[in-house]
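Results of the structural survey
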Amino acid sequence: MKFSDIFLTFFGAGRLPAPRISATLIAWVLGLGWIYLLGAESLFTLAFALFIIGIFEITKAENRGVEHDAPFIVIDEAVGVWVALCVSASALAWLPASAVNLWLLSGGALGAYLLFNLWSPSTIGWIRRNLRGGLGVMLDDVLAGFAAGLLVLLAAKGFTLA
């Protein structure tokens with residue numbers, strides 16, 4: 001198996017049933033562990049690196065004849081949910097650091113990411129429909145992750161003000 005196959009399928013998650021949901025859930029669990037052990041900043045750095053590599057690897061795959069945003073390409077889902085986790089985890093700066101708060105924030109990030117990724121509102125949907133190549137595949141999921149993380153941040157801030 002080549003690096004690009006392992007990378008694009010997120011270590012084979014793209015070959016599982018319901019590949020995008022499977023990859024999102026696996027990445028969420030791995031991201032949660034990463035944040036717990038190494039911090040959100042290091043997960044964001046990893047997500048950024050995989051975002052850049054993903055753009056090039058997906059573009060190369062499409063140039064070889066792979067369809068645009070093929071169902072087995074799920075590295076974009078992993079990066080997107082990691083961005084959602086990282087952005088929402090920044091709420092821990094003003095919330096009491098506890099396992100409960102981390103679980104609530106990460107669960108909210110997962111739910112909101114799935115919502116924005118499936119719904120694809122506004123710019124996210126425009127990018128998904130119109131931007132081709134690796135940038136288009138990766139960018140809509142990253143924006144969905146940012147939107148999800150911001151939604152969770154706003155909700156957490158609203159609950160702390162009440």
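Everything quoted here is computed from the prediction, not taken from an experiment. (Residues numbered from 1 in each chain as written. Predicted model: local features only at pLDDT ≥ 70, side-chain atom pairs only at ≥ 80, totals over all residues. Heavy atoms only, no water.)

Comments concerning the environment of Ile-127
Formally: Helix numbering and strand numbering both begin at the N terminus, where a helix is a DSSP run of H or I of at least 4 residues and a strand a DSSP run of E of at least 2. Contacts are residue-level and defined by heavy atoms, with any inter-residue pair within 4.5 Å sufficient.
Among the structural elements, Ile-127 can be located in helix 6 (residues 122–130). With 49 residues separating them in the primary sequence, Ile-127 and Ala-78 have C-alpha atoms 18 Å apart. In contact with Ile-127, not counting residues within four places along its chain, are Gly-136, Leu-139, Asp-140 and Leu-143.

Observations concerning helix 2 (residues 19–38)
Rules: Any helix carries an expected span of 1.5 Å times its number of residues minus one. Burial status follows relative accessibility: with a 1.4 Å probe on protein chains alone, a residue under 20% of its type maximum counts as buried, one over 50% as exposed, and anything between as partly exposed.
The terminal C-alpha atoms of helix 2, which comprises 20 residues, lie 27 Å apart, in line with the 28 Å expected from a rise of 1.5 Å per residue. Listed in full, the buried residues belonging to helix 2 are Pro-19, Ser-22, Ala-23, Thr-24, Ala-27, Trp-28, Gly-31, Leu-32 and Ile-35. Immediately beyond the C-terminal end of helix 2, within one or two residues, lies Gly-39, with a positive phi of roughly 95°.

What about the nonpolar core?
Note the cut-off: Grouping buried Ala, Val, Leu, Ile, Met, Phe, Trp, Tyr and Cys residues that are joined through side-chain atoms within 4.5 Å yields what is termed a nonpolar core.
With 49 residues, the main nonpolar core has Phe-10, Ile-75, Val-79 and Trp-82 as its most contacted residues. Elements that contribute at least two residues to this core include exactly helix 1 (3–8), helix 2, helix 3 (40–63), helix 4 (75–89), helix 5 (99–119) and helix 7 (133–161). Here the element with the most residues in this core is helix 4; it accounts for 11 residues. Each residue touching Trp-82, except ones within four places of it in the same chain, is listed here: Phe-10, Ala-27, Gly-31, Leu-43, Leu-46, Ala-47 and Leu-50.

Quick notes on the side chain of Asp-140
With respect to the helices and strands, the residue Asp-140 is situated in helix 7. What makes Asp-140 buried here is its relative accessible area of 1%. Those residues in contact with Asp-140 that sit more than four places away from it in its chain are Asn-117, Ile-124, Ile-127 and Arg-128.

Structural notes on the packing of helix 2 against helix 3
To keep things clear, this is the line we draw: Helix axes use the C-alpha atoms of the stretch in contact, all axes being lines fitted to C-alpha atoms, and the angles between their N-to-C directions lie in the range 0 to 180 degrees. Orientation labels follow simple angle bins: below 35 degrees gives roughly parallel, above 145 gives roughly antiparallel, 65 to 115 gives roughly perpendicular, and whatever is left gives oblique. Side-chain classes are defined by residue name, with Ala, Val, Leu, Ile, Met, Phe, Trp, Tyr, Cys and Pro counting as nonpolar, Asp, Glu, Lys and Arg as charged, and the others, Gly among them, as polar.
Across the interface, helix 2 lies against helix 3 with an axial gap of 7 Å and an inter-helix angle of 130°. Taken together, helix 2 and helix 3 sit at an angle that is classed as oblique. Across the interface between the two elements, Gly-31, Trp-34, Ile-35 and Leu-38 of helix 2 pack against Ala-40, Ser-42, Leu-43 and Leu-46 of helix 3. When the residues that make up the contact of helix 2 with helix 3 are grouped by side-chain class, the tally is 6 nonpolar, 2 polar and no charged.

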